[in-house]
Amino acid sequence: MSAANRRPVSRSGGERSLDTSHGTVLYLEGLSVSFDGFKAINDLSLYINDGELRCVIGPNGAGKTTLMDIVTGKTRPDEGEAWFGQTLDLLRLDEAAIANAGIGRKFQQPTVFTELTVAENLELAMAGNRNVLSVLRAKLSGEQRDLIASTLERIGLVALRDMNASTLSHGQKQWLEIGMLLMQQPRLLLVDEPATGMTHQEMAQTGELLCSLAGDHSVVVVEHDMDFVRSLDSPVTVLHQGSVLAEGSLDAIQSDPLVRSVYLGE
Amino acid sequence: MMNVRGGTLPPVFFQRLWRAVLLGLAVCFSPVQAADLPDALQSALEDLAGRDKVLRLEAVERIANSGTEESEALLQVILSGELYHWKPEDRFVRGEKDGRKFILYALEDGAELATVGRREAKKVSINNTLRGAVKSALATLDLIAPDPAKRLAGVRAQFAALAVPVERIDALLESESDTAVRDSLVTLRAMTLVSDETASGEPLMTAIAALGNSTEPGALTPLKGRFERSDDDAEKSALSSAIKAFESRQARFGMVKQVFFGLSLGSILVLAAIGLAITFGVMGVINMAHGELIMLGAYTTWAMQQLLPGQPGVALLLAIPMGFMVSASVGMVMERFAISKLYGRPLETLLLTFGFSLILQQAVRTFISARNVAVSNPSWMSGSLELHPMLSLTMNRVVIMFFCLAVFAVLWWVMQRTRFGLQLRAVTQHREMARCVGVRSRRIDTLTFGLGAGLAGLAGVALSQLGNVGPNLGQAWIVDSFLVVVFGGVGNLWGTLIGGLGIGVATKLIEPWSGAVLAKVLLLVAVILFIQRRPRGLFPPSGRSAGDN
Amino acid sequence: MNRYLSAVLADRMGVVLLTVLLVSAVWVPIASLVLPASHPLHMGSYSVALWGKYLCFGLLALSLDMVWGKLGILSLGHGVFFGLGGYVMGMYLMRQVGDRGVYGDPILPDFMVFLNWDELPWYWFGFDHAWIAFPLILIVPGLLAYVFGALAFRSRVTGVYLSIITQAMTYAVMLAFFRNELGFGGNNGLTGFFDILGYDLREDVTRAALFSATALSLAGCYVLCRCLFATRLGLLCTAVRDAESRVRFLGYRTDRVKLSVFVLSAAIAGLAGALYVPQVGIINPGEFSPLNSIEIVIWVALGGRGTLWGAVVGAVVVNVAKTQFTGWLPEGWLFMLGGLFVLTTLYLPRGLAMLVPKRVSGS
């Protein structure tokens, strides 16, 4: 279960070449994982296309977060395969290697570095060489300063750039974490409940931001809020008891009797 | 030639001895008049008081082999140099010097006879040769004691000196009915034969083979001794195979013994660690004062023995609940007034409890003594339990092993079958959830800490029976206890049991070839490496939340 | 360079500390060598060595604060690195004794002659040369820290588990060093030194020089740490301390971050040990006892962890108190120390640094 036994693969965070020649960026095939006999993920298969925006919904305990844990290397599945592009076997990489390969994650509970300032949080997240010596010698170039400034603007935290992150509100932390995700410049973004704690206006902004990312990036959004999902106007995957229950447009999903019975007990 | 302490004796000696034995046996079954020394003893004493060296030596043997009730006491009197000849009465008596006078007592019943001047009593003095003969005679006396257990002890006492001639052993064998004594006699006979340079041929070979199969620890010495001296090839090969057989059996029993010592050490480790495992499992608190809580339990035992002088057993039994309560109360006070204020900050708690450990240690030094105090073992915890001639286990360790199992069983019952145990497990698994369903987790914390501390007290009571009780007692066990907890996995009773016993057995199996200190170092390194591979112990808690930090 | 200078200057208490260190590095030799013994400000060689010892402890506390305050690794075994540095220095000093030992053997130290050893064990070779021995002061503790850290951090042992195995490590090393067979003098350790780099250790000049070297080393290491934590690696350390798993998802190898700082910290602790030995004249396995290591923790906790200067102040304050207290009431010191642990953790969670107003400390 521990990711500690995985082979650490040292990759520079800079230029990444990902073989997506078949148009698929993430293959998950027959994944199963159980905790103490409880099957959190049960024979789950999921394919995300290059540049796609996908919503994953499902009731509590459907395995959404565990799914993200597997993709980002936090949890190792008992069975199944997970490939990033054509060539990268995610099950053989640890968290850092996966992040460097180009998968970024925003957590359900926003996790930022509270003792650092907003700008410093972004600086740490910024794509670049991650090995200790280069981090030690790293200095912000003018270009990088501009990137941080523009990201601050994008997430609306310009005024707070030198504040400790501990002083931010829940919604501001969400934004900061999204900002960190942007700084990472990942190929695939896993976004876990980004709308929690946001006003309707902020939610709309987040939706716009995520939609604008799609195309260059692939985005997987896990969300509870149906209005937010609707605003994204993207294909939806429904998870139930650790496997995929249905896939399709939101309207199609909502009229699916199987989904209705799971959600509404009909 | 036979070597007897005190010199080399001529063969004629054995004939006389043999006659003396027969005479002794005859006397043994003849009616003896009370308040009068048997004739055999009387005549022997007359010879002893004489000047003929050979006769005097013989006299000692005659007394020893007389088989009379008085012979042992008489030999003791001779050895202590208190045998006097009361000239006017021509009677042998025991005399005590009182100033310039002598007080005389009857040898038969110890009655005081008279107080006489020094002219009337003449000391029967003995020289070193005689003293040696008396000593060995005293040792062989047990060989014909009426009590089989005494006879057995007597036979075994001869294993080192091998001073009993084969003929005598054969005679004893003829009349012996007790199987255990017979077996020992056979072994003694074989040992005597093997170390007898003149022995050879079939009887010797049988004896060698018998020793090879013997379970008597002393059987190896004559075999090895003869192997070094012998130049006969056939004899040598028989000896070497017997030695091999013996040594491999000895090694097997040695292994069993090491495993027992390991289990014993392990059971102590389990006792010491289990309280720690519970508090760590439930509260995530490393209690660095755990060792000092163990020490308090040991001191409670000492205090109970001071309160009940002369009743070490009762005091020890009372110390079990008392030790639990003393340590538990100290633990609960610590939890209530300090540790509870640092909830959720395990590293700070570690430092805080370390402060308590220093204070408790110094308190014992200041208010009781900086030196070790003496805790005595009750009779039922001293001595040893002989499972086999090659395998005897010390009683205190055996008792403590059972005590450990009993504590474990009770604890398991508390955890699985009581309401408190249920709540405790609930808090361990999910504190917030437990609170939601009405468990007062604060109260459970205090009680849990009390339970863990009380268990430390029990460990202290047990430890007081094994070694020194002093202010540093706890320090010696704390690192080991941590390792057991870490090795076994947190919050898992079975993990602690298996971990403790495993570490104990491993230590004792490594020790014979590495030495105690190196064994400890090796084990520490091994556990550290183990933690590297399995950071959450043998039986890790699992679940989605388990990996979060 | 500008960035580093401003980082050092922004830490005002640190500037005060550095000033005190630099001034004393100059003043103590004057007070001890130039001023006559009758002068009220004269310092005897005993107090020079005593203050030198305090500063060694300050350096040791600084090294612990690097990993505990800045990285969240509560090492209960930092004494092991201090002790190893001390032993390396002790071995060098032992080889300088030459034939002046009690047994007068030109090669073998006294304890080896006493144990009837015929020749120097291989791991003692080269220790008569300062250019071999002195680098080892940093390398040996650093190497142990590397091996231990690589194992521990790779397998993600954290929190109290990590603390406990650091304690087990120092305990194991202590047991090993108590053995005569290991070749480091067993129980008695290494003592009976004569001179260092050709200077007599009993001379006032040498003692004053050692003091100055200690003060300057402390100042140097302090500046080094300050600069280190002003880099992006410093930010990363803070991030690792507060949310290690999150840092991994950003693509950083947190184990390597921790390992590099841990190794650096061990080397500094080794330097402290090496400066300590010639000033106190002895090194023995007692330095590895778990109690010693945990005392370092209370210095840092009392001074205020994470501030760096607080660790140094805490070390000096506790040790001055210890010297005073053990002279006055030897029985009571453990009560005091225990009480310090309890009171600090309960009422001064950020240590004495809490008492310094923010605008003064500048942080």
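Residues numbered from 1 in each chain as written. Chains lettered and ligands numbered in written order. Predicted model: local features only at pLDDT ≥ 70, side-chain atom pairs only at ≥ 80, totals over all residues. Heavy atoms only, no water.

1. Brief notes about the overall build of chain C
Here's step 1: Regarding its fold elements, chain C presents 14 helices and four strands.
Here's step 2: In terms of overall size, chain C behaves like a compact globule, its C-alpha atoms giving a radius of gyration of 21 Å where 363 residues would be expected to give roughly 21 Å.
Here's step 3: If you line up chain C on its principal axes, its C-alpha atoms span 60 × 55 × 45 Å.
Here's step 4: Looking at chain C as a whole, 60% of its 363 residues qualify as buried.
Here's step 5: For chain C, the share of sequence-separated contacts (at least 6 apart) that also reach a separation of at least 24 residues comes to 77%.
Here's step 6: Entry remark: accessible area of chain C is about 13,900 Å², with carbon and sulfur atoms responsible for 66%.
Here's step 7: Each charge class in chain C can be summarised by its mean position, and for the 24 positive and 19 negative side chains these summaries are 20 Å apart. (Helix = DSSP H or I, 4+ residues; strand = E, 2+ residues; numbered from the N terminus. Rg over C-alpha atoms; globule rule 2.2 N^0.38 Å. Buried < 20%, exposed > 50% of the residue type's maximum accessible area, 1.4 Å probe, protein only. Contact = heavy atoms within 4.5 Å. Areas by Shrake-Rupley, 256 points an atom, 1.4 Å probe, with all protein chains shown as cover. Lys, Arg positive; Asp, Glu negative; His and termini not counted. Charge placed at Lys NZ, Arg CZ, Asp CG, Glu CD.)

2. Let's talk about the packing of helix α6 (residues 170-184) of chain A against helix α7 (residues 200-213) of chain A
Residue and element names in this part refer to chain A.
Here's step 1: The interhelical angle for the contact between α6 and α7, taken along N-to-C directions, is 10°, at an axis separation of 12 Å. The angle between α6 and α7 places the two elements in the roughly parallel class. In this structure, α6 uses Trp-175, Ile-178 and Leu-182 to contact α7, whose residues at the interface are Glu-202, Gln-205, Thr-206, Leu-209 and Leu-213.
Here's step 2: A breakdown of the residues in the contact of α6 with α7 according to their chemical character gives five nonpolar, two polar and one charged. (Axes fitted to C-alpha atoms, helices over the stretch in contact; angles between N-to-C directions. Parallel < 35°, antiparallel > 145°, perpendicular 65-115°, else oblique. Nonpolar A, V, L, I, M, F, W, Y, C, P; charged D, E, K, R; others polar.)

3. Re the pairing of strand β6 (residues 103-106) of chain A
Residues and elements named next belong to chain A.
Here's step 1: Here β6 shows a buried face lined by Ile-103 and Arg-105 and a second buried face lined by Gly-104 and Lys-106.
Here's step 2: Inspection of the sheet shows β6 paired to strand β7 (residues 188-192) by four bridges, in the parallel sense. If you follow Gly-104 over to β7, its bridge partner there is Leu-189. (Pairing = 2+ DSSP bridges.)

4. Notes on a nonpolar patch on the surface
Here's step 1: Nonpolar side chains collect at one region of the surface, where Val525(B), Leu529(B), Leu138(C), Ile139(C), Leu143(C), Tyr146(C), Val147(C) and Leu151(C) lie side by side and expose about 690 Å² of accessible area between them.
Here's step 2: Those elements that place two or more of their residues in the nonpolar patch are α21 (516-533) of chain B together with α6 (130-154) of chain C.
Here's step 3: Looking at the nonpolar patch element by element, the count peaks at six residues for α6(C).
Here's step 4: Residue placement: Leu138(C) occurs in helix α6. (Patch = residues over 30% accessible without salt bridge, like charges linked within 9 Å, V, L, I, M, F, W, Y side chains within 5 Å. Salt bridge = Lys/Arg side-chain N within 4 Å of Asp/Glu carboxyl O.)

5. Some remarks on the pattern of salt bridges
Here's step 1: Counted under the stated rule, the structure contains 31 salt bridges over all chains.
Here's step 2: Across the salt bridge formed by Asp162(A) and Arg161(A), the nearest N and O atoms sit 3.7 Å from each other.
Here's step 3: Among the residues examined, Arg161(A) registers a relative accessible area of 34% and is labelled partly exposed.
Here's step 4: The partner of Asp200(C) in a salt bridge is Arg202(C), and the shortest N-O contact between them spans 3.3 Å.

6. Regarding the interface of chain B and chain C
Here's step 1: Taken together, the contact pairs 43 residues of chain B with 40 residues of chain C.
Here's step 2: Both faces considered, chain B and chain C share a buried interface measuring about 3,800 Å² in area, 77% of it formed by carbon and sulfur atoms.
Here's step 3: Scanning the region where chain B abuts chain C turns up one salt bridge.
Here's step 4: One salt bridge in this structure joins Arg305(C) and Glu348(B), with 2.6 Å as the shortest N-O distance. (Buried area = accessible area lost by both parts, 1.4 Å probe.)

7. Here's the deal with the sheet that holds strand β5 (residues 88-89) of chain A
Residues and elements named next belong to chain A.
Here's step 1: The strand order across the open sheet formed by four strands is β2-β1-β4-β5, and the pairing between neighbours is antiparallel. Either end of the sheet is taken by a strand with one partner, and the two such strands are β2 (38-49) and β5.
Here's step 2: In this sheet, β2 lies alongside strand β1 (residues 24-35) in antiparallel orientation, the contact comprising eight bridges. In the sheet register, Tyr-27 faces β2, and the bridge partner there is Tyr-47.
Here's step 3: Seen against the sheet, helix α1 (residues 64-71) touches β1 and β2 and runs at an angle of roughly 115° to β1.

8. What about the confidence of the model for chain A?
Residues and elements named next belong to chain A.
Here's step 1: Confidence in the prediction for chain A averages 85 pLDDT; 92% of positions are at 70 or higher.
Here's step 2: For chain A, the element scoring lowest by mean pLDDT is helix α10 (residues 257-264), at 79; helix α3 (residues 118-125) scores highest, at 93.
Here's step 3: For the stretch residues 1-15, pLDDT sits under 50, and the model shows 40 contacts to residues farther than four places along the chain or on other chains. (pLDDT = per-residue confidence, 0-100.)

9. Description of a negative patch on the surface
Here's step 1: Taken together, Glu29(A), Asp43(A), Asp78(A), Glu79(A) and Glu81(A) make up a surface patch of like negative charges.
Here's step 2: Positionally, Glu29(A) belongs in strand β1.

10. A short note on the packing of helix α7 (residues 166-175) of chain B against helix α8 (residues 179-195) of chain B
Residues and elements named next belong to chain B.
Here's step 1: Two elements in contact, α7 and α8, have axes separated by 10 Å at closest approach and are oriented at 165°. In this view, α7 runs roughly antiparallel relative to α8, as classed from their interaxial angle. Where α7 crosses over α8, the handedness of that crossing is left-handed. Here Val-166, Ile-169, Asp-170, Leu-172 and Leu-173 of α7 come into contact with α8, specifically with Arg-182, Leu-185, Val-186, Leu-188, Arg-189, Thr-192 and Leu-193. (Left-handed = near helix turned anticlockwise from the far one by under 90°.)

11. Describing the pairing of strand β3 (residues 83-86) of chain B
Residue and element names in this part refer to chain B.
Here's step 1: Where burial is concerned, the two faces of β3 agree: the one with Leu-83 and His-85 and the one with Tyr-84 and Trp-86 are both buried.
Here's step 2: Alignment of β3 against strand β4 (residues 91-98), held across four bridges, turns out to be antiparallel. Bridging across to β4, Tyr-84 finds its partner in Val-93.
Here's step 3: The antiparallel pairing of β3 with β4 creates a hairpin that spans four residues between the two strands, and Asp-90 there sits at a positive phi of about 50°.
Here's step 4: Two strands pair when backbone bridges link them, and β3 and strand β7 (residues 121-123) are joined in this way by three bridges, in the antiparallel orientation. Across the sheet, the residue bridging to Trp-86 is Ala-121, located in β7.

12. Thoughts on the side chain of Gln96(C)
Here's step 1: Its place among the elements puts Gln96(C) in helix α4 (residues 79-97).
Here's step 2: Ignoring any residue separated from it by four or fewer positions in sequence, one finds Gln96(C) in contact with Phe127(C), Asp128(C) and Asp195(C).

13. Brief notes about the interface of chain C and chain A
Here's step 1: At the junction of the two partners, chain C supplies 26 residues and chain A supplies 35 residues.
Here's step 2: In this assembly, chain C packs against chain A so that about 2,900 Å² is buried in total across both faces, 61% of it on carbon and sulfur atoms.
Here's step 3: On the chain C side of the contact with chain A, Arg232(C), Arg246(C) and Phe249(C) bury the most area, a combined 29% of that side's loss.
Here's step 4: The tally of links from chain C across to chain A stands at five salt bridges.
Here's step 5: Across the pair Glu95(A) and Arg248(C) runs a salt bridge whose closest N-O atoms are separated by 3.7 Å.
Here's step 6: Applying the counting criterion to the chain C and chain A interface returns twelve residue pairs in polar contact (both at pLDDT 80 or more).
Here's step 7: At the level of secondary structure, the elements contributing two or more residues to the side of chain C that touches chain A comprise α9 (232-249) and α10 (254-280) of chain C. (Polar contact = N/O pair within 3.5 Å; in protein donor to acceptor, adjacent residues only side chain to side chain.)

14. Notes on unusual backbone geometry
Glycine aside, a negative phi is what most residues show, and trans is what most peptide bonds show.
Residue and element names in this part refer to chain C.
Here's step 1: We note that Leu-197 has phi near 50°; this positive angle belongs to a residue other than glycine.
Here's step 2: Mapped onto the elements, Leu-197 comes out in the loop between β2 (195-196) and β3 (199-200).
Here's step 3: The phi dihedral of Leu-308 falls on the positive side, at around 70°, and the residue is not glycine.
Here's step 4: Checked against the element boundaries, Leu-308 lands in the loop between α11 (290-303) and α12 (309-328).

15. So, the environment of Ser514(B)
Here's step 1: Checked against the element boundaries, Ser514(B) lands in helix α20 (residues 493-514).
Here's step 2: If near-sequence neighbours (up to four positions away) are discounted, Ser514(B) is found in contact with Ala519(B), Leu522(B) and Arg179(C).

16. Here's the deal with the sheet that holds β4(B)
Residue and element names in this part refer to chain B.
Here's step 1: Pairing in this open sheet of five strands is antiparallel, and the strands run β6-β5-β4-β3-β7 from one edge to the other. The open sheet terminates on both sides in strands that have one partner only, identified here as β6 (112-116) and β7. Geometrically, the sheet is characterised by an average inter-axis angle of 40° between neighbouring strands, direction not taken into account.

17. Digging into the packing of aromatic side chains
Here's step 1: If you walk through the whole model with that rule in mind, you get 29 aromatic pairs over all chains.
Here's step 2: Between Phe148(C) and Phe262(C) the ring centres are 6.4 Å apart and the planes differ by 35°, which places this aromatic pair in the tilted class. A residue pair is termed long-range when its members are at least 10 positions apart, and Phe148(C) in helix α6 and Phe262(C) in helix α10 qualify at 114 residues. As far as the burial class goes, Phe148(C) and Phe262(C) line up, both buried.
Here's step 3: Taken together, Tyr87(C), Phe111(C), Trp122(C), Tyr123(C), Trp124(C), Phe177(C), Phe184(C) and Phe288(C) form an aromatic cluster joined through their ring pairs.
Here's step 4: The aromatic ring of Tyr252(C) is capped on one face by Arg130(A), whose charged end is 4.3 Å from the ring centroid.
Here's step 5: Lys70(C) extends its terminal NZ or CZ atom over the ring of Phe229(C), reaching a point 5.4 Å from the ring centre. (Phe/Tyr/Trp six-rings, centres within 6.5 Å; stacked < 30°, edge-to-face > 60°. Lys NZ or Arg CZ within 6 Å of the ring centre and 35° of its normal.)

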